[in-house]
There are 2 protein chains.
Amino acid sequence: MGQAVENESATPVSHKQVSISDPFWSYYIDLVRDVVVPYQWEALNDRVEGAEKSGAVSNFKIAAGLQQGDYYGMVFQDSDVAKWLEAAAYLLAARRDSALEQIADEMIDIIGLAQQEDGYLNTFYTVKEPENRWTNLTECHELYCAGHMMEAAVAYYEATGKRKLLDIMCRFADYIAEVFGDGPGQMPGYDGHQEIELALVKLYRATGNSKYLELSQYFVDERGQQPSFFEAETERRGGLSHWSGMPMKVDLPYFQAHLPVREQLTAAGHAVRVVYMLAGMADVAREKGDHTLFDACKRLWDNIVTKQMYITGAIGSMAQGEAFSVDYDLPNDTAYAETCASIGLIFFAHRMLQIEPDSRYADVLERALYNTVIAGMSRDGKSFFYVNPLEVSPAVCEGNNKNYNHVKPVRQEWFGCACCPPNIARLLASLGEYVYSVKGTVVYSHLYIGGKVDLSVGGATVGLSQSSGMPWSGDVRYEISVDRETSFELALRLPDWSESASVRVNGETLDLTGLVKDGYVRIEREWSNGDAVELSLEMPARRVRSHPLVKVNAGKVALQRGPLVYCAEEADNGAGIEQIVLPAKAELHVSFDASLAGGLNRITADALRLDYAEWGQSLYRSDASVRLKPERATFIPYYAWANRGKGEMAVWVKEQP
Amino acid sequence: MGQAVENESATPVSHKQVSISDPFWSYYIDLVRDVVVPYQWEALNDRVEGAEKSGAVSNFKIAAGLQQGDYYGMVFQDSDVAKWLEAAAYLLAARRDSALEQIADEMIDIIGLAQQEDGYLNTFYTVKEPENRWTNLTECHELYCAGHMMEAAVAYYEATGKRKLLDIMCRFADYIAEVFGDGPGQMPGYDGHQEIELALVKLYRATGNSKYLELSQYFVDERGQQPSFFEAETERRGGLSHWSGMPMKVDLPYFQAHLPVREQLTAAGHAVRVVYMLAGMADVAREKGDHTLFDACKRLWDNIVTKQMYITGAIGSMAQGEAFSVDYDLPNDTAYAETCASIGLIFFAHRMLQIEPDSRYADVLERALYNTVIAGMSRDGKSFFYVNPLEVSPAVCEGNNKNYNHVKPVRQEWFGCACCPPNIARLLASLGEYVYSVKGTVVYSHLYIGGKVDLSVGGATVGLSQSSGMPWSGDVRYEISVDRETSFELALRLPDWSESASVRVNGETLDLTGLVKDGYVRIEREWSNGDAVELSLEMPARRVRSHPLVKVNAGKVALQRGPLVYCAEEADNGAGIEQIVLPAKAELHVSFDASLAGGLNRITADALRLDYAEWGQSLYRSDASVRLKPERATFIPYYAWANRGKGEMAVWVKEQP
C-alpha cells in the first residue's frame, strides 16, 4: 500500500472496530441514529413541513428516469445524499438495521440508474445541462460530488459488504481517470471544491487499485499550477459565473489555486476547501511517503492552529468567501466559523495524527469536536448552526444585516445549502474512528471516549475497554483483554488543557518520568488479560488568554475546563453580557446542573459588572473612569449555548488584572 | 416672522456679516474657492479625467432642450448642481468674482429653461420618466432635489441680489404647495429624504411668504402618520423598488417614517436624513413657537449625542442603510460615519443653538467640524472620504470585502453618489454663519475662528474683530468696534474640552464667579470702541474614555487636545497600531510639526507595545499573560489622517490603568 511518510505511519483504526458506550457521546450517536439520520432522510425527500426544499433525492430519480420534473437546488445537491448514505453506512456498521439498509439499498439502486453509460454520475448535469459536463470545474462541484459518493461507497461496502455502490463509483472513478490528466486528449484540471482527493485515497485503500491514488496525487499537484486552469476554463466559458450569471474574475486564493499546494505558506480562501484539501494532501503524503507534501501539510497546519483558529476549534473568520482572513484576525461577532470547516479540520488532524502521533493534532481535533461540532446541532438533533459565532448580540445582528446576515442567534431547521447537518451526522456516526490508532506496537488513545475496541498489535489481538468521565471529570479507565500475555505500549494522550496527570496500572501509581513522548504517556509492558490502567487528568476550570496580536481579545479572558470552552449567556447573566468583568483572582466554582442540555457543569464566579449609573449621560469623559459593581457570573459550555431562546452570548469576557 | 420658541430665539448671523481671516480656517476657505469649487464644476461637467462621470450639468442641458442625450447618474443628481451653486453663492457673498458669477448665471439660465410650464423642476423625471412625476417620493428624492435648489436660490439671491433662481424656486414651491396637502385633489405625502423642510423655511425667511413655512410644517407633521404614505405609494407603484427593480418592503424606520416625528424617541435609520429632518423640525419649531416640536428635537438630540455619536462627531455607525444602529453600538472599524451626516449634525446643532444658546450644542458642532468634516477632504481639496472610520486596517478591509467594502483607507477622487464633496464645500464657504449669534442684547461667540463681524445689537452696530490661536492654542482675542458706548453682553463659550479659562478685559482679569450661564461666560458692560477682550482656554492634551456601554472602547483611551481628536497612524508608529498601550500616567508631549498637512501639533508619549516575542507561537495560553515593552507613540489630529499613503489608523488605543 505504498511507502508511508517516515516509513512507519500508524494504522488507522476503523469505526467498525470501535463500539462507543459513553455517558456523554452515546447520546449524540443515538441521536444521529434515532433522529438526525431519519429526519435528514425526510428532508432530502422533501417531506419535512416548513423546512427548505432539498430536491436531492428527486434529482436522482429524475436522472434515473424514474420521475419527471426539473432539477432542484444547488449544483452540488447530490452530495447531501452521499453524506447521508455515508452516515447511514456508519450506523449500519455499528448495528445492522434492515429497515435503514433497505432504504439505503433502494437509494443506491436509483443512483445506479442515474449513472450514465460511460460511468458519469451527476444529476445536475445529467438532468439540466448534459452538454456542459466538465465545463465548469471552477464553480460546479462535479468532482466534489463524486468524492462524497466515493466516501459513501467505501463506507457502505465496509459496513455491509455490498459492492454495488462501490462498483458504481469505481466505474465513475475509472472514467474520471480517463478524462483528467496530462496525457493526450485529457483535461489538465481539478475541482473548485476539494474533496475527491481524500475520497480517491479511500477508494484506493478499499480496492487496492493504485490508479485511484495516482489520480488523487494528480489532482493535488495540478492545483495552482500556472497558467491557471480555472482562469482558462472561465475564459472558455465566456467569463460568466454559474452563480450570478455575471462576468466573473476568478479569485484564485478562494480556491487555493493561487500557488501549487506545496508552495502555499498560509491557509487562504474558503475554509472548508482548505481543510478538505489538506486532508487529501496528508493522505497522499502518507501513502506515497512524500515528505515535501507532508511538510506543506505541517506548514499550513501550523498557520491555521497558531494564527487562524478560534478557541472553539472553529476556522474561517470571514463571511466574505466563507474564508480565512489575515493572521490573527479573529473577530468573535462576525465570525463565519462554519461547522463543516471544523469537521474538515478534524479530518485533517486525524490524518496528521496517523502520520505523526503527536498530541498537538489530537488537541485540536478534540477542541473542534467538543466545542464547534456539537454546538452545531441542537440537543434534539433537529436544528443546526451553519455559522458559529463566539459573541452574539441579537439586537445588533438584526439591525446590521450587512455585517451579520450570516449570523443566526438560534439554530435553523434546514438550509438551502445543507452541507453542515449531514456532515455532523457522518462525523458522529463514525466517531469511533478517531479514538485510537496503532503504530508498530504502540496503541494510542487519542480521545477519552468510553467503549470497546479490538486491535491488531504486532500480530496479537488486543481488546481495550475504556470508561471515561469526560468531559466532566478527567478520570479514565482501561481494561485490557488479551488471549495471552502481550507486549505493547499503551500511549495515553496528555491533553494541552491538563497540567498534571497520574496513571495507575493495576492500582499502582506509575512514575511518569521519561515516559512522556510527543504528548503521550507511553506505558510499555507485558500486558495480561484484565490489566487495568487508570488515568487521572487534572481538570480545573482555567482562564485562557489570546495571543497578543488577536486584537479583539485584548484584555479579555475565556474559561475552559477540560476540552470544553465556556461562554456567558443572557439566560444566566441578564442582558449586557459585555459588561461582565472577571477578576483575575476570582475563584471559579464548578457545579453540575442537571437541568440544561442533558446535564452539564456550570462555572460560576464572583465577578464584576460595569457600573454605568455613576458615569452619567456623557458618551465621552476625561474626568471619570469606569466603576465596577460585584455580580455573580455564570458560564456554560459553549456547545450548549442557544438552547434557551434568543439572547446575548460571549466566549471572551473582560478581565480585571 | 412667527412666534419664536421661548419667544426669544437668537437672531442668526448670516455668513455675509462675517469675514473669516484665520490661520487655520482661511486655508480651507481659500481651498474651497481656489480648488474645490472649480474642480467640482469640472467634475459636474464631466471634464475631470479619471473621475467618475457625473452627468449633472448635462442632465439640465438635456432637460432644457439645449442638448440631446440620455439622463445620466443617480435619480438625485440635480442636487449636486444645487449644492455647488449654493457653495458658489457663499463665495460670491464673501468676495464678488465676475467669472464665477457668470458661470453661475449661465447655469441658472439653463435651470430656468429646464423648468416646466407648471413650475416643476427635476431633470430625471423630465428627461426620463415624465409620466411618473410624484409616483415615488419614497425613493426618488424629487422634493429633496427641490430643497437643495431652494437653498441655492436663497444663497444666490442673498449673495448677488439676483432674483432669477429665487423666482424659479418660488414658482416650483408654489406648485409643490398645490400638489401636496390634505385638501381636495392634493397628495398627502412627503419625501423619502428630508431636506425640503429646512429649505422651505429658508425660502420663507427670504421672501416672507408664510405659505412656505406652512408647507414645511405640513411635511414635518405628515411624516410617519398611519396609514403609511410610503407603503401606500409603493403598493400603487406595483411594489417594485426604483433601485433594484425587485419587490421591496418599505423599511419605515430607514425613512424616519415609522412614527410621527413628535413621537420618535431614538434616532433611527439613515443618519443624514435624521439630521436634515431635525434641522427642519428645529426651524419650524422656532418660527412657529412650537414647544412640543422643540421637545422632540431635544429628545433626539440627546439620544444622538449621548448614545449614538462617535468621539469625532461622526454619526451613523452602520453601513447597512447608512444608518444609526442601537444605542452604544459604535464600532470603530465598520463605522459608516458619513461626512454628510456630520454636516447635517452641524446644521441641526446650529439651529438648536439659535433657539437655546447652550454650549452643549456648540460643543458638538465644533466636534463634528474640527474632526469629521475636515477629515473628509484631503489637504489639496481634490479627494474625499464619504465614510470616516475611527480604525482602519487596510489588510483586513481589503480581504473582508463584505464587512468593509464601504471603508476606504485613502480618500477617493469623486463618487458616483457625490453628495459629500459639495456638502463640504457649501459648509466651509458659509462657515462664518456658525461663529456668532445675537439674542436680545447678548452677543454669542460659539466658535473661536478669527475674522470680523458686524452685528446689530439692540439697534446699535457692533463690530467684533476676533483673532484665535485655535486649534493649536486656546488664546482668543476680540476687539470691539462701536460708534458710541454701547451696552451688551459678550458671551464666550467655555468648551467642554477646557477645564479652566481666564478672561481679561482691557488687560484686567475678570472674576468669572457668577458670570457663567449655559456654558458661556457672559461679560456685560458698556463697551467702548477699541475695548479688547482676551480669552485664554486651558488646552492640555487630555485622555478621553467612552461610556462603559460602548463595548468596543472598553479598556481604551483616546487623546484630545482642544477640539481636536487624535489618532495613531502607521506612518508614525509602524504597523500593528492595535499593539500600542498607553499608560494612564504617561506624560503627553505636544510639539508642533510643520511638515505635515500644513503644520499641526503632534502628541507623543512614552507608551508601551505588546511584546509577543515571549508569548510564543500558541494562539491560546493559560500560563501566560501579555508582556509589554516601552515604545514611543505618536498621535496626530484625526482630521489629518491618511495624508501619507495607505496604512493602519486608530483613534482608540489600549490603556494601561
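Here the structure is a predicted model, which is why all the values come from computation and not from measurement. (Residues numbered from 1 in each chain as written. Chains lettered and ligands numbered in written order. Predicted model: local features only at pLDDT ≥ 70, side-chain atom pairs only at ≥ 80, totals over all residues. Heavy atoms only, no water.)

Student: So what's going on with the overall build of chain A? Which residues, and what values?
Tutor: Within chain A one finds 19 helices and 26 strands. Relative to the 2.2 N^0.38 estimate, which gives 26 Å for 657 residues, the radius of gyration of chain A is 25 Å and therefore close to what a compact globule would have. Each of the three principal axes of chain A carries a C-alpha extent, and together these read 75 × 70 × 50 Å. A total of 657 residues make up chain A; the buried ones form 64% of that total. At a minimum sequence separation of 6, the contacts of chain A that also span at least 24 residues come to 72%. (Helix = DSSP H or I, 4+ residues; strand = E, 2+ residues; numbered from the N terminus. Rg over C-alpha atoms; globule rule 2.2 N^0.38 Å. Buried < 20%, exposed > 50% of the residue type's maximum accessible area, 1.4 Å probe, protein only. Contact = heavy atoms within 4.5 Å.)

Student: So what's going on with the UniProt feature "domain: Non-reducing end beta-L-arabinofuranosidase-like GH127 middle" (unreviewed entry) in chain A? Residues and values would help.
Tutor: When the UniProt feature table is mapped onto this chain numbering, "domain: Non-reducing end beta-L-arabinofuranosidase-like GH127 middle" (unreviewed entry) sits at residues 443-539 of chain A. From the first C-alpha to the last, residues 443-539 of chain A spans 24 Å; its make-up is 0% helix and 60% strand. (UniProt positions renumbered as here; feature names shortened; annotations may be inferred.)

Student: Now, about the environment of Gln225 of chain B: what can you tell me, with residues and values included?
Tutor: Position of Gln225 of chain B relative to the elements: it lies in the loop between helix H10 (210-222) and helix H11 (229-236). Sequence spacing of Gln225 of chain B and Pro188 of chain B is 37 residues, and the spatial spacing of their C-alpha atoms is 9.9 Å.

Student: A description of the relation of the copies chain B and chain A should follow, citing residues and the corresponding values.
Tutor: With an RMSD of 0.0 Å, chain B superimposes on chain A once it is rotated by 180 degrees and translated 0.0 Å along the axis. Considering both components of the superposition, the chain copies are consistent with a two-fold axis. Relative to the rotation axis, the C-alpha of Asn403 of chain B is the closest in chain B, positioned 2.6 Å from it. A high fraction, 100%, of the interface residues of chain B reappear at the interface in chain A, so the copies pair face to face through one surface. (Least-squares fit on C-alpha atoms with pLDDT ≥ 70 in both.)

Student: Lay out the sheet that holds strand E9 (residues 460-468) of chain A in plain terms, naming residues and giving numbers.
Tutor: All names here are of chain A. Pairing in this open sheet of seven strands is antiparallel, and the strands run E2-E8-E9-E10-E16-E12-E13 from one edge to the other. If you trace the sheet from one side to the other, it starts and ends with strand E2 (18-20) and strand E13 (508-509), each paired once. Summarising the sheet, strand E12 (residues 501-505) and E13 pair through two bridges and their orientation is antiparallel. Bridge pairing in E13 links Arg504 to Thr509. (Pairing = 2+ DSSP bridges.)

Student: Describe the nonpolar core, with residues and values.
Tutor: Most often, soluble globular proteins keep nonpolar side chains buried together rather than apart. Within the largest apolar cluster, 240 residues are counted, with the highest numbers of intra-cluster contacts made by Leu85, Trp134, Ile176 and Ile304 of chain B. Those residues in contact with Ile304 of chain B that sit more than four places away from it in its chain are Leu619 of chain A together with Ala267, Val274, Val275, Leu278, Met309, Ile315, Phe324 and Leu345 of chain B. Grouped together as the second largest cluster of nonpolar side chains are 237 residues, Ala155, Val462, Leu596 and Ala633 of chain A included. (Core = buried A, V, L, I, M, F, W, Y, C linked by side-chain atoms within 4.5 Å.)

Student: Just give me the short version of the interface of chain B and chain A, but keep the residues and values in it.
Tutor: Each partner contributes to the interface: chain B provides 55 residues, whereas chain A provides 56 residues. Taking both partners together, chain B and chain A bury about 4,600 Å²; carbon and sulfur atoms supply 58% of that area. Of all residues in chain B, the largest losses of buried area upon contact with chain A belong to Lys402, Leu619 and Tyr620 of chain B, amounting jointly to 18% of the total for that side. Across the chain B-chain A interface, the total number found is two salt bridges. Across the contact surface, chain B and chain A share 21 residue pairs in polar contact (both at pLDDT 80 or more). Listing elements by their share of the side of chain B that touches chain A, those giving two or more residues are helix H13 (291-307), helix H16 (394-399), helix H17 (401-404), strand E17 (541-546) and strand E23 (620-621) of chain B. For the side of chain B that touches chain A, the element with the most residues is E17 of chain B, which contributes five residues. The residue inventory of the side of chain B that touches chain A, partitioned by class, reads 26 nonpolar, 18 polar and 11 charged. Inspection of the sheet shows strand E17 (residues 541-546) of chain A paired to E23 of chain B by two bridges, in the antiparallel sense. What sits directly across from Ser546 of chain A, in E23 of chain B, is Tyr620 of chain B. (Buried area = accessible area lost by both parts, 1.4 Å probe. Salt bridge = Lys/Arg side-chain N within 4 Å of Asp/Glu carboxyl O. Polar contact = N/O pair within 3.5 Å; in protein donor to acceptor, adjacent residues only side chain to side chain. Nonpolar A, V, L, I, M, F, W, Y, C, P; charged D, E, K, R; others polar.)

Student: Let's hear about the side chain of Lys654 of chain A: which residues, and what values?
Tutor: Here Lys654 of chain A shows up in strand E26 (residues 653-656). For the buried Lys654 of chain A, no salt bridge is present, and the opposite-charge side chain at shortest range is Glu578 of chain A, 6.4 Å distant. Reaching out from Lys654 of chain A, the side chain makes a polar contact with the backbone oxygen of Glu578 of chain A at a distance of 2.5 Å. Here Lys654 of chain A is in contact with Gly555, Lys556, Val557, Glu578, Ile580, Val581, Leu582 and Leu610 of chain A together with Ala554 of chain B, once residues within four sequence places are set aside. (Lys, Arg positive; Asp, Glu negative; His and termini not counted.)

Student: Go over the packing of aromatic side chains, please, and point to the residues and values.
Tutor: Given two aromatic rings, one states the distance between the centres and the angle between the planes to describe the pair. Scanning all chains against the criterion turns up 72 aromatic pairs over all chains. Here the aromatic cluster, defined as three or more aromatic residues joined through ring pairs, consists of Phe24, Trp25, Tyr27, Tyr28, Tyr370, Trp472, Phe592 and Tyr639 of chain A. Over the face of the ring belonging to Tyr27 of chain B we find Arg379 of chain B, whose NZ or CZ atom lies 3.9 Å from the ring centre. The lysine or arginine in question, Arg621 of chain B, covers the ring of Trp615 of chain B, its NZ or CZ lying 5.7 Å from the ring centre. (Phe/Tyr/Trp six-rings, centres within 6.5 Å; stacked < 30°, edge-to-face > 60°. Lys NZ or Arg CZ within 6 Å of the ring centre and 35° of its normal.)

Student: Let's hear about the packing of H13 of chain B against helix H15 (residues 359-375) of chain B: which residues, and what values?
Tutor: Residue and element names in this part refer to chain B. Where H13 contacts H15, the axes come no closer than 12 Å and their chain directions differ by 50 degrees. Classed by the angle they form, the pair H13 and H15 counts as oblique. Taken as a pair, H13 and H15 cross one another with a handedness that is left-handed. Facing Lys298, Trp301, Asp302 and Val305 of H13, the residues of H15 in contact are Arg360, Tyr361 and Val364. For the contact of H13 with H15, the class distribution of residues is four nonpolar, no polar and three charged. (Axes fitted to C-alpha atoms, helices over the stretch in contact; angles between N-to-C directions. Parallel < 35°, antiparallel > 145°, perpendicular 65-115°, else oblique. Left-handed = near helix turned anticlockwise from the far one by under 90°.)

Student: Lay out the pairing of strand E11 (residues 486-493) of chain B with the relevant residues and their values.
Tutor: Residue and element names in this part refer to chain B. Most of E11 is tucked away, with seven of its eight residues classed as buried. Pairing analysis gives four bridges linking strand E7 (residues 442-445) to E11, with the strands arranged parallel. Looking at the pairing, Val443 lines up with Leu490 of E11. Note: E11 against strand E15 (residues 520-527), eight bridges, orientation antiparallel. Following the sheet pairing, Phe488 is matched in E15 by Arg525.

Student: Can you tell me about the sheet that holds strand E6 (residues 436-439) of chain B, naming the residues and giving the values?
Tutor: Residue and element names in this part refer to chain B. Within the open sheet, the six strands sit side by side as E1-E6-E7-E11-E15-E14. Their pairing is mixed. The sheet terminates laterally at strand E1 (11-12) and strand E14 (516-517), the two strands that pair on one side only. Running at roughly 55 degrees to E11, H15 makes contact with E11 and E15 of the sheet.

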